[in-house]
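# Coordinate inspection notes
Spelled out from the first residue to the last, the chains are:
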Amino acid sequence: MSAQAINSDLRRKKPFRFQSDWGWAYLLIAPTIIGLIILNLYPFVETIILSTQKSQGLGAAKFVGLQNYEKLFADKQIWQSTWNTLYYMILTVPVGVFLALVLAVLLNSKIRGRDVYRGIYFMPMVVAPAAVAMVWKWIFNAEVGILNQFLGLFGVATINWLSDPNTAIISCAMIGIWSAVGYDLVLILAGLQSISTSYYEASEIDGASAVQRFFHITVPLISPTLFFVVIMRVMTSIKQFDTVYLLIKSTNPAYKKTITLMVMFYREAFEKFNKGYASAIVMWSFVIIMVITAIQFWSEKKLVHYE
Amino acid sequence: MKKTLAMLVTLCLLLSLFAPVALAEGDVTITFAFWDTNQEPGMKAIAEAYMAKNPNVKVETQVTPWNEYWTKLEAAAQGGALPDVFWMHSNQFYKYVTAGMLLDLTDLNLDYSPYPAGITALYNYEGSQWAVPKDYDTIALAYNKELFDKAGIAYPDDTWTWDTLRETAKKLNDVENGVYGFAAPNDTQSGYYNFVYQNGGKIFENGESGFNLPETQEAIKTWMNFMLEDGISPSLESFTDMSQDDQFQAGKVAMEFIGSWMMSAFTSNEFIKDKFDLCVLPQGKTRASIYNGLGYAGAYNTANPDVVKDFIAFCGSEEANILQAQNKAAIPAYKGTEHYFTDLFTNINIACYTEMIEYGVQFPFSPNKSLWEGTETELMTSAYTGELTVEEACNQLHEAIMEIEAE
């Protein structure tokens, strides 16, 4: 092949050229991309930088290397808060998703007033979290709260729902489950309704019982939805902030055994004005979320059945 | 046709962007931020009086609750978007003044003689004045007359000591009916700080934390033991469900320490307003009551420094002090106007608040107090729950403060 031939061969390949319709594509995705960069990517990088700095008050931050991380791993409270966060997740996710699944199956059958129930279960979702926390604060009040009054009828002794170190986080988890069940239920219900009735008819002819139908047809076919719901629930429970922040103040005896990583981060950053250390806390929770997400995606391959 | 319409809409939208600017021409709007809703009527009255005199100025008031106030103010300071005029507190003053966030008010040439000298000095830094005194507050002993009458016990008076307080509280204690003699919560200004100074202890002075002093630790221990040993105070659990002020107003505690800023709330509460009275604090080794004063400060980067200064000067004037007093906001800082406030409270011994200024102790502050306050609350909670002894908690706090202040 002569040099000329090679040249013409090269020339035949399309050189990179900006095509006129690409401009539209870039323009259309620009709002999302710019939003992501400004609101997510830039703060993420800034947080990493800040976590290596000492920034207190209004003065300029100064570089301190890994000092914040040294402090982090020596801080007893960080381990306690990490455990609190995981404990909150363990308390809310299985119970919450199970409840949502059971209720969704029930609401998928033909019962009277089905739409009313669906409305009622979804109601907590449309109420602002702060309002929810304030209402539950009174329900949980040890002396005048309706919960203790009710339990008192059965001779149950007064329970300090929000100030006993052993129960405070359970109380917060109860609120978390109550607020989320309706939303999960709607998602699962949608999944249930997309299952073709022909499977059930066929299995009925083959003589499968209701329980067998549930475990061999419903569960596998609903698993992609369940997986999605579980991921969402795990994420929100690790990021738990509002309920605990609004209900557990630093004068509360249950404070240390209840505050989640996000609450600890907020108090460090905006109440103790210690932004460098707070950023290190955020990086630590980032690591935890990454690990848990990796586990989830690994389990997706094993447990989730796609049609 | 469509195009013309689109052009017109765009034009309208663009014009609306400039509308507020166009309207503001010749007029000046300044923002005025503070944290106490109880004092909102007083502050609004001052703003309105000023606007009546200066028709071209509009003062916008913004109320934010205490905790969020400082979070918001710090973010605003870093973003260069401070409100034009705002309340300043001794806890936070150093942080803002050293960062250069405040407007120098020295050239106002105000006559500071009518204000309590301690409060003027509080907001003086490196020879310049950075805030004009607004008010002052002290702490008194509030007691529920009805509970005293029921137990047939004489009301507190100025002869009381810590022991009288403890013994009387024991007699008033009626746990079965949910009534406690005294409230000893995890609180500083209306709590153990008063005891610390009455015992010859210190919180922070001349660059040194006083939490390692035996006098300080002894006072805090006595305070906490009202709850932990004597059982004459509701528990920490109980205070998380209902604050000490709410418990007192509900008749669940017979006595508590209470700041003068709570008086407008107490006297408008139907349940408690005729049942309580005030007395000077009981004494320890000496007499002491924590006093503090707020100030009006301006933003260093305000667009209208002259208007801001003029408004702050007005806030500090006798007229504005009378206005805030008449609206039950707080004890005004301007000498001779206190009675406008105290006259509003006819059936309680409100005068004890102004009496105690004589032996009052300035609410302790340090250059970096806002950085260690949160740690203080957490460590004291640990001492209450028994996780740490009082000595351990105080010593740890001492170390933490000295470390933060050293930088």
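Residues numbered from 1 in each chain as written. Chains lettered and ligands numbered in written order. Predicted model: local features only at pLDDT ≥ 70, side-chain atom pairs only at ≥ 80, totals over all residues. Heavy atoms only, no water.

## Here we look at the overall build of chain B
Where we set the bar: A run of H or I in DSSP counts as a helix once it spans at least four residues, and a run of E counts as a strand once it spans at least two, with each numbered from the N terminus. Each residue gets one of three labels from its accessible area relative to the maximum for its type: buried under 20%, exposed over 50%, partly exposed in between, using a 1.4 Å probe on protein chains only. Between two residues, a contact is recorded if the distance between any of their heavy atoms is within 4.5 Å. Areas reported as accessible are Shrake-Rupley estimates using a 1.4 Å probe. Residue values count occlusion only from the protein chains shown.
Helix and strand counts for chain B come out as 18 helices and 17 strands. Taken across its 407 residues, chain B has 55% of its residues classed as buried. Sequence-distant contacts, at least 24 apart, represent 73% of the contacts inside chain B between residues at least 6 apart. Surface accessibility of chain B: about 16,900 Å² in total, with carbon and sulfur atoms responsible for 53%.

## Comments concerning the pattern of salt bridges
Rule in force here: A pairing counts as a salt bridge when a side-chain nitrogen of Lys or Arg comes within 4 Å of a carboxyl oxygen of Asp or Glu.
Counted according to the given criterion, the structure contains 17 salt bridges over all chains. Here Lys221 of chain B and Glu391 of chain B are joined by a salt bridge, their closest N and O atoms 2.9 Å apart. In this pair, Lys221 of chain B is assigned in helix H9 (residues 214-228) and Glu391 of chain B in helix H18 (residues 390-406), connecting sequence segments 170 residues apart. Note on Glu391 of chain B: relative accessible area 29%, which makes it partly exposed. Between Lys273 of chain B and Glu270 of chain B there is a salt bridge, with the nearest N and O atoms lying 3.4 Å from each other. Each of Glu268 and Lys272 of chain A together with Glu378 of chain B takes part in a single network of salt bridges with overlapping partners.

## Notes on the interface of chain A and chain B
Here is the rule: The term buried area denotes the loss of accessible surface (1.4 Å probe radius) that occurs when two parts are joined, taken as the sum for both partners. We define a polar contact as two N or O atoms separated by no more than 3.5 Å, with the added condition that, inside protein, one atom must be a possible hydrogen donor and the other a possible acceptor, whereas residues neighbouring each other in sequence contribute only through side-chain atom pairs. Classification used: nonpolar for Ala, Val, Leu, Ile, Met, Phe, Trp, Tyr, Cys and Pro, charged for Asp, Glu, Lys and Arg, polar for all others including Gly.
Residue-level contacts link 22 residues of chain A with 29 residues of chain B. Between chain A and chain B, a total of about 2,500 Å² is buried, with carbon and sulfur atoms accounting for 53% of that surface. For chain A, the biggest contributors to the area lost against chain B are Leu58, Lys272 and Phe273 of chain A; these three give 29% of the whole. Our count for the contact surface shared by chain A and chain B stands at four salt bridges. One salt bridge in this structure joins Lys275 of chain A and Glu74 of chain B, with 2.5 Å as the shortest N-O distance. Viewed at the interface, chain B and chain A are joined by 11 residue pairs in polar contact (both at pLDDT 80 or more). Take the side of chain A that touches chain B: its biggest share by element is three residues, from helix H12 (residues 261-271) of chain A. Of the residues belonging to the side of chain A that touches chain B, the class tally is eight nonpolar, eight polar and six charged.

## Here we look at the domain arrangement of chain B
Residues and elements named next belong to chain B. Put simply, the rule is: Annotation comment: domain bounds sourced from an automatic or database domain assignment.
By the assigned domains, chain B splits into domain 1 (2-137 + 292-336) and domain 2 (139-291 + 364-406). In this assembly, 14 residues from domain 1 lie in contact with 15 residues from domain 2. Summed over both sides, the interface between domain 1 and domain 2 buries roughly 1,400 Å², with carbon and sulfur atoms accounting for 53% of that surface. Considering only the surface of domain 1 that becomes buried against domain 2, Asn91, Tyr94 and Asp137 emerge as the three largest contributors, covering 40% of it. At the surface where domain 1 touches domain 2, the tally comes to zero salt bridges. Linking domain 1 with domain 2 are four residue pairs in polar contact (both at pLDDT 80 or more), by the criterion used here. A total of five residues in the side of domain 1 that touches domain 2 trace back to one element, the largest contributor, which is helix H4 (residues 90-98).

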